[in-house]
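Given next are the chains, with one letter for each unit.
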Amino acid sequence: MGNDGPGTWPSYPSNNGSQDDPEDGLSDASSVLTQLGNEEFPRYFSEREGRLFHAHGSLPYPMPVDGGEQTRLNALHHILRERLNSHYGGPVRDVLAGEPGRHKRVLDLCTGTGTWVMDMASMFTNVRFSGIDIVPIAPRTTPRNVHFEIADATQPLRWPDGTMDFVHARNVSMAVADYRRMLTEAARVLRRGGLFFSGEILRKVTFDPDHFAGEPAVEAPRTENFYRIINRALAFRGLTNYAEEIAEYIYTSGQFGSVRRDNYAIPIGEWSSSSSGRRLGARYRDNLAMFAWNFAPMLKDAGHSDSFIEEIIEGFVDDMGSVRGMVGVYQTVWARRC
């Protein structure tokens, strides 16, 4: 989720008492930051029809940020972890390997609940992790190597050039309208040889090519219609469906070396021939149902009636449980900074 522009960047209060060493002049306890008190939290949220949303005016992020959506995001984090059998792609261990004289640093853009940061920080305990988002929904008590703060990933970042060893941007396409601008800032704060990682779930109907030759308009017309409607509503907010163009954005930026793109199919429903695939598919089906219902407020804002919204979402959810062979595609792209 990506608007506090450059200037005062409130941080989450933490009970860990952590301070960055002054060795690199990059202290997360910098005077640029101010602590966020309990009384300030409400100003980051707005309530509509019983759901909490970000309160940052013109920013396009459409989803709720309340407990229900946080539960979904955390569940999706674990689904992606299971499908990749990892929390990352690319040569992360090489990039974050210890180096005499300085700490390695990681920046997570649109960190959300901060689950990825917390899991990674437990694996790389000598690496410093920073996560930014426009709402304070990440943990407020963190280990010594973790720092969260309120910031907009679509605006200039507060860190100096060449600060980070790894910049991670997962599922940002519904928060970041101008990906190229965000990428320029990511490249600026990366050290030479540093790693940029993108991960996005494609917003379209896809069938498992190894087992099904389904035609979306024929086999899953309600799902295709759902994606057509939400992609149109998102585009109205300036959020075009650019996920499949990210590799090209990275390549043509001229800031990175060779670009690696991979697609990971996630089964939807319990059609897989393997028990692990059926379990994963059931979890992802349920996650997609939550995803769809959490779009209802955006569709209402777009002028659709309650009955239309209910019909569209119920049709999508029914397809998720009844159409065999459908998969979600998680597309990852990574590249090293030149």
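Refer to the structure above for everything that follows.
Residues numbered from 1 in each chain as written. Predicted model: local features only at pLDDT ≥ 70, side-chain atom pairs only at ≥ 80, totals over all residues. Heavy atoms only, no water.

Colleague: Help me understand the pattern of salt bridges, please; the structure alone is not making it clear to me.
Modeller: Pairing is possible between side chains of opposite charge, provided their charged atoms come close. All told, the structure shown has 20 salt bridges when counted by the stated rule. As a salt-bridge pair, Glu99 and Arg102 come within 3.3 Å of each other at their nearest N and O atoms. Accessibility expressed as a relative area gives 38% for Glu99, which makes it partly exposed. Taking relative accessible area as the criterion, Arg102 reaches 18% and is therefore assigned buried. Within the structure, one salt-bridge network assembled from shared partners comprises Glu99, Arg102, Lys104, Asp165 and Arg191. (Salt bridge = Lys/Arg side-chain N within 4 Å of Asp/Glu carboxyl O. Buried < 20%, exposed > 50% of the residue type's maximum accessible area, 1.4 Å probe, protein only.)

Colleague: Please explain the nonpolar core as it appears in this structure.
Modeller: Generally speaking, soluble globular proteins have nonpolar side chains that are buried together. Ranked by size, the top nonpolar core spans 94 residues in total, and within it Tyr179, Phe196 and Phe226 carry the most contacts. Setting aside residues up to four positions removed in sequence, Phe226 forms contacts with Phe291, Ala292, Phe295, Ile312, Ile313 and Phe316. Within the second largest apolar cluster, five residues are counted, among which are Ala243, Trp271, Val327 and Val329. (Core = buried A, V, L, I, M, F, W, Y, C linked by side-chain atoms within 4.5 Å. Contact = heavy atoms within 4.5 Å.)

Colleague: What am I meant to see in helix H6 (residues 221–236) here?
Modeller: Two residues of an α-helix separated by three or four positions point the same way, owing to the 3.6 residues in each turn. The end-to-end C-alpha distance of H6, which contains 16 residues, comes to 23 Å, matching closely the 22 Å that a straight helix rising 1.5 Å per residue would cover. Every buried residue belonging to H6 is among Thr223, Phe226, Tyr227, Ile229, Ile230, Asn231, Ala233 and Leu234, and all of these are buried. Elements in contact with the buried residues of H6: helix H8 (275–293), helix H9 (296–301), helix H10 (306–322) and strand E12 (326–337). A positive backbone phi angle near 90° is found at Gly238, which sits one or two residues after H6. (Helix = DSSP H or I, 4+ residues; strand = E, 2+ residues; numbered from the N terminus. Expected span 1.5 Å × (residues − 1).)

Colleague: When you look at the side chain of His87 in this model, what are you seeing that I'm missing?
Modeller: Take His87: it is sitting in the loop between helix H1 (67–84) and helix H2 (92–95). Since its relative accessible area comes to 14%, His87 is described here as buried.

Colleague: It is not clear to me how the environment of Ile309 should be interpreted in this structure. Could you clarify?
Modeller: Within the secondary structure, Ile309 sits in helix H10. Sequence-wise, Ile309 and Phe295 are 14 residues apart; in three dimensions their C-alpha atoms are separated by 9.2 Å. Leaving out residues up to four positions away in the same chain, Ile309 has contacts with Ala296, Leu299, Lys300 and His304.

Colleague: Before we go on, may I ask you to explain the environment of Gly162 in this structure?
Modeller: Locating Gly162 in the fold gives a position in the loop between strand E7 (146–150) and strand E8 (164–170). For Gly162, a relative accessible area of 24% gives the class partly exposed. Between the alpha carbons of Gly162 and Val189 there is a distance of 4.6 Å; along the sequence they are 27 residues apart. Once you skip the residues sitting within four places of it in the chain, Gly162 turns out to touch Arg188, Val189, Leu190 and Arg191.

Colleague: I'm lost on the packing of aromatic side chains in this one. Help?
Modeller: Two numbers describe a pair of aromatic rings. These are the distance of the centres and the angle of the planes. For the structure on display, the rule yields 13 aromatic pairs. Taking 4.1 Å as the distance between ring centres and 25° as the angle between the ring planes, the aromatic pair formed by Phe226 and Phe316 counts as stacked. In this pair, Phe226 is assigned in helix H6 and Phe316 in helix H10, connecting sequence segments 90 residues apart. Each member of the pair, Phe226 together with Phe316, is buried. Centre to centre, the rings of Tyr242 and Tyr249 are 6.3 Å apart; their planes meet at 45°, and the pair counts as tilted. (Phe/Tyr/Trp six-rings, centres within 6.5 Å; stacked < 30°, edge-to-face > 60°.)

Colleague: I tried to follow the pairing of E7 on my own but got confused; where do I start?
Modeller: The side chains of a regular strand alternate, residue by residue, between the two faces of the sheet. Most of E7 is tucked away, with five of its five residues classed as buried. Side-chain alternation along E7 places Val146, Phe148 and Ile150 on one buried face and His147 and Glu149 on a second face that is also buried. Relative to E7, strand E6 (residues 128–133) runs parallel, the two being bridged by five bridges. Paired with Gly131 across the bridge in E7 is Phe148. (Pairing = 2+ DSSP bridges.)

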